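The lines below spell out each chain.
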Amino acid sequence: MIREALKGGKGEVIKNPKVFIDPLSVFTDIPFREDIIRETAIAVRYFVKNDVKFSNLFLGLTGTGKTFVVKYIYNEIEEVKKEDPDYSGVKQVYLNSREVGGTPQAVLSVIAEKLTNSLVPRHGVNLGEYIDKIKSVLRGKKAIIYLDEVDTLVKRRGGDIVLYQLLRADADVSVIMISNDINVRDYMEPRVLSSLGPSVIFKPYDAVQLKEILAKYAEYGLIDGTFNDEILSYIAAISAREHGDARKAVNLLFRSAQLASGIGFIKKEHVDKAIVEYEQERLFEAVKSLPFHYKLALRAIVTTEDVVTAHKVYSKYCDKLKQKPLSYRRFSDIVSELDMFGIVKIKIMNRGRAGGIRKYVEVHDKEKIMKALDENLAEEMGYEYDEGSDVETS
């Protein structure tokens, strides 16, 4: 059995797994995003050749191709550097704001670090010093900075300062910002908005478009005869219902192909199993990656309805575990971040003069989240979850 798996051959489905893991190394175009790519390329050309700075905000739900397009543009510019001397001095920096920590210091230090190719401290440095360092390295050069998940930054205190400084910097810097939060502009101050260029909306893919995308991945990544039109349509239809998420569609196709390995053909049952695995794994990994107090907060939220009550339950958990509870304000920030991660959904309700405005939280898949928390918090909390161990909410 293991030798067959190691050698491959009989009943194999996947021809080139790199297509699914690193598609930019294979594809030379991105379907249904050609207009956005062309318009951005023209803005880049004006910046490089005519000194016209630009700033764009790429907005759209998860899986609509924002990051894919940005990395594609990044790679193409690197290739053009070899052909056009005007681009030789252009520096590029891509970073995911959430992954580097989301604070103004973290974001600016990473930008400075990538521009200078040297270590830059992330603490104990004034924000102005980071900006000065960025400006000094760009004397006589141009830079394009790509800020992914920029909403993580602007929702932090002082996050607007970073955008304002980059957009208004006395240096040749152009910025492309990416966000899954289509309302991210609401968190920006007027002085930032006045310096910001147009928003570029990435519409969700429909079933027809998703099927064409899947067909391209199947053509390059799967062996002929191991899939059919019906399977691609099935995956496309399911993914279209999930807000047109192309990333999920491609992942489902890849996992279905893995499950069909040794059989030689992808069947509907493989897709259905891949869907169950995907949902469980996505939720489990999201919960598992949360810091301790985030997990504790999430556990309190699952057993309550509004943020005020959840904070009381969370505080009781902390007392029980001899942990110092976070303030209500910080707790509320954590709830907002959990909403941003897609784990919970915040609803603001105005109860009138008597009730005031209250922040409520909806949690789907409570059983799955609690199961993930049970497995991840057992050691950290020092006890297994059961009905009797929960803290009273009243």
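Residues numbered from 1 in each chain as written. Predicted model: local features only at pLDDT ≥ 70, side-chain atom pairs only at ≥ 80, totals over all residues. Heavy atoms only, no water.

How do you make sense of the pattern of salt bridges when you look at a structure like this?
Oppositely charged side chains can pair when the atoms bearing their charge come close. Within the structure shown, the criterion is met by 14 salt bridges. The partner of Lys49 in a salt bridge is Asp86, with the nearest N and O atoms 2.7 Å apart. Here Lys49, found in helix H3 (residues 34-50), pairs with Asp86, found in the loop between helix H4 (66-80) and strand S2 (90-96); they are 37 residues apart in sequence, far enough to count as distant. Judged by relative accessible area, which is 43%, Asp86 ranks as partly exposed. The salt bridge involving Arg191 is made with Glu189; its shortest N-O contact spans 3.2 Å. (Salt bridge = Lys/Arg side-chain N within 4 Å of Asp/Glu carboxyl O. Helix = DSSP H or I, 4+ residues; strand = E, 2+ residues; numbered from the N terminus. Buried < 20%, exposed > 50% of the residue type's maximum accessible area, 1.4 Å probe, protein only.)

Help me out: how do you make sense of the packing of aromatic side chains in this one?
Both the distance between ring centres and the angle between the ring planes are used here to describe each pair of aromatic rings. Enumeration according to the criterion identifies 8 aromatic pairs in this entry. Between Phe58 and Phe202, the ring centres sit 5.2 Å apart and the planes meet at 55 degrees, which makes this aromatic pair tilted. With a gap of 144 residues between them, Phe58 in strand S1 (residues 55-59) and Phe202 in the loop between strand S5 (199-201) and helix H10 (207-221) connect regions that are remote in the sequence. The pair Phe58 / Phe202 is uniform in exposure class, with both members buried. Residues Tyr314 and Phe331 carry aromatic rings whose centres are separated by 5.0 Å and whose planes lie at 35 degrees to one another, so their mutual orientation is tilted. (Phe/Tyr/Trp six-rings, centres within 6.5 Å; stacked < 30°, edge-to-face > 60°.)

What should I look at first to understand the side chain of Gln92 in this one?
Its place among the elements puts Gln92 in strand S2. Overall, Gln92 belongs to the buried group, its relative accessible area being 9%. Within the structure, the side chain of Gln92 is placed 3.0 Å from the backbone oxygen of Tyr74, a separation counted as a polar contact. A distance of 2.8 Å separates a polar atom in the side chain of Gln92 from a polar atom in the side chain of Glu78. With residues near it in sequence (within four places) discarded, Gln92 still touches Tyr74, Ile77, Glu78, Ile144 and Tyr146. (Polar contact = N/O pair within 3.5 Å; in protein donor to acceptor, adjacent residues only side chain to side chain. Contact = heavy atoms within 4.5 Å.)

It is not clear to me how the packing of helix H15 (residues 307-320) against helix H16 (residues 328-340) should be interpreted in this structure. Could you clarify?
One way to put it is that H15 packs onto H16 with a least axis distance of 10 Å and a crossing angle of 110 degrees. Classified by the angle between their axes, H15 and H16 sit roughly perpendicular to one another. Between H15 and H16 lies a crossing of right-handed hand. Taken together, the residues of H16 that come into contact with H15 (itself represented by Val307, Val308, Ala310, His311 and Tyr314) are Tyr328, Phe331, Ser332 and Val335. For the contact of H15 with H16, the per-class residue count stands at 7 nonpolar, 2 polar and no charged. (Axes fitted to C-alpha atoms, helices over the stretch in contact; angles between N-to-C directions. Parallel < 35°, antiparallel > 145°, perpendicular 65-115°, else oblique. Left-handed = near helix turned anticlockwise from the far one by under 90°. Nonpolar A, V, L, I, M, F, W, Y, C, P; charged D, E, K, R; others polar.)

What should I look at first to understand the pairing of strand S4 (residues 172-179) in this one?
Side-chain direction in a regular strand flips from residue to residue, so the side chains alternate between the two faces of the sheet. The buried fraction of S4 amounts to 7 of the 8 residues, a majority that puts the element mostly inside the structure. Strand direction decides the pairing type here: S1 and S4, joined by 5 bridges, are parallel. If you follow Leu59 over to S4, its bridge partner there is Ser179. Note: strand S3 (residues 142-148) against S4, 6 bridges, orientation parallel. Residue pairing in the sheet places Ala143 in a bridge with Val173 of S4. (Pairing = 2+ DSSP bridges.)

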